[in-house]
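Take a look at the letters that make up each chain.
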Amino acid sequence: MAKFKKAVRMSSKARIRFRTQLGAEPVYVVENPGIGNSLFGITYHRGDGHVVHIHPGLSYKVKASTVFHELIHAVENGLGLSLKERDVRALEIGLTQVLAGNPKMARWIVDGIT
């Protein structure tokens with residue numbers, strides 16, 4: 001953990017919340033108070049994977065939305081796309097509404113692709 005924190009320049013109070021995959025690359029979601037109060041989240045590509053930093057002081061709803069938003073940035077980077085921030089935000093809002101509007105469908109999608 002210490003080596004990982006040094007590699008991504010995380011605060012000593014940061015903690016890894018989730019790890020997932022984007023193709024062959026790992027994606028870490030980290031609650032990191034070191035990102036500052038002006039950001040909800042930020043994503044870095046560190047050569048062998050992505051690190052999504054989210055501010056730990058956010059409400060659960062805002063954290064979830066922020067993680068979704070930052071994962072879109074990770075996909076964007078991983079696929080070599082170039083989206084404008086407003087497009088990422090539009091995808092975040094639209095996909096969040098679709099999934100939240102029918103959790104049973106969201107579960108069906110996840111079950112079908114895993």
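Conventions adopted
- Residues numbered from 1 in each chain as written.
- Predicted model: local features only at pLDDT ≥ 70, side-chain atom pairs only at ≥ 80, totals over all residues.
- Heavy atoms only, no water.
- Helix = DSSP H or I, 4+ residues; strand = E, 2+ residues; numbered from the N terminus.
- Buried < 20%, exposed > 50% of the residue type's maximum accessible area, 1.4 Å probe, protein only.
- Contact = heavy atoms within 4.5 Å.
- Polar contact = N/O pair within 3.5 Å; in protein donor to acceptor, adjacent residues only side chain to side chain.
- Core = buried A, V, L, I, M, F, W, Y, C linked by side-chain atoms within 4.5 Å.
- Pairing = 2+ DSSP bridges.
- Axes fitted to C-alpha atoms, helices over the stretch in contact; angles between N-to-C directions.

Draft legend 1. Here's a closer look at the environment of Glu92. By the element assignment, Glu92 lies in helix α3 (residues 85-101). Under the relative-accessibility criterion, Glu92 is labelled buried at 4%. Sequence spacing of Glu92 and Asn77 is 15 residues, and the spatial spacing of their C-alpha atoms is 16 Å. Excluding anything up to four places from it in sequence, Glu92 contacts Ser65, Phe68, His69 and Ile72. Only 2.4 Å separates the side chain of Glu92 from the side chain of Ser65, close enough to count as a polar contact. Within the structure, Glu92 has its side chain in polar contact with the side chain of Arg89 (distance 2.7 Å).

Draft legend 2. Seen up close, the environment of Val51. Structurally, the position occupied by Val51 is in strand β4 (residues 50-54). Assessed through its relative accessible area of 1%, Val51 is described here as buried. The spatial distance from the C-alpha of Val51 to the C-alpha of Ala64 is 15 Å, given a sequence separation of 13 residues.

Draft legend 3. Representation of the side chain of His55. Mapped onto the secondary structure, His55 falls in the loop between β4 and α2 (60-78). You can call His55 buried: its relative accessible area is 14%. What His55 contacts, discounting residues up to four positions off in sequence, is Asn32, Pro33, Ile35, Gly36, Asn37, Leu39, Phe40 and Lys63.

Draft legend 4. How the structure looks around the nonpolar core. Counting residues in each nonpolar core, the largest one holds five residues, listed as Val27, Val29, Val52, Ile54 and Val67. Listing elements by their share of this core, those giving two or more residues are β2 (25-31) and β4. Filtering out sequence-adjacent residues up to four positions away, Val27 remains in contact with Phe18, Arg19, Thr20, Gln21, Leu22, His50, Val52 and Leu71.

Draft legend 5. Up close: the sheet that holds strand β3 (residues 41-45). Ordered in space as β1-β2-β4-β3, the four strands form an open sheet in which the pairing is mixed. Strand pairing shows two members of the sheet lacking a second neighbour, β1 (15-22) and β3, which therefore form its edges. In this sheet, neighbouring strand axes are inclined to one another by 20 degrees on average, regardless of whether the strands run parallel or antiparallel. In the sheet, β2 pairs with β4 via five bridges, with the strands oriented parallel. Across the sheet, Val29 pairs through a bridge with Val52, a residue of β4. Lying over the sheet, α2 contacts β1, β2, β3 and β4, oriented at roughly 155 degrees with respect to β4.

What is shown is where atoms sit, not what they do.
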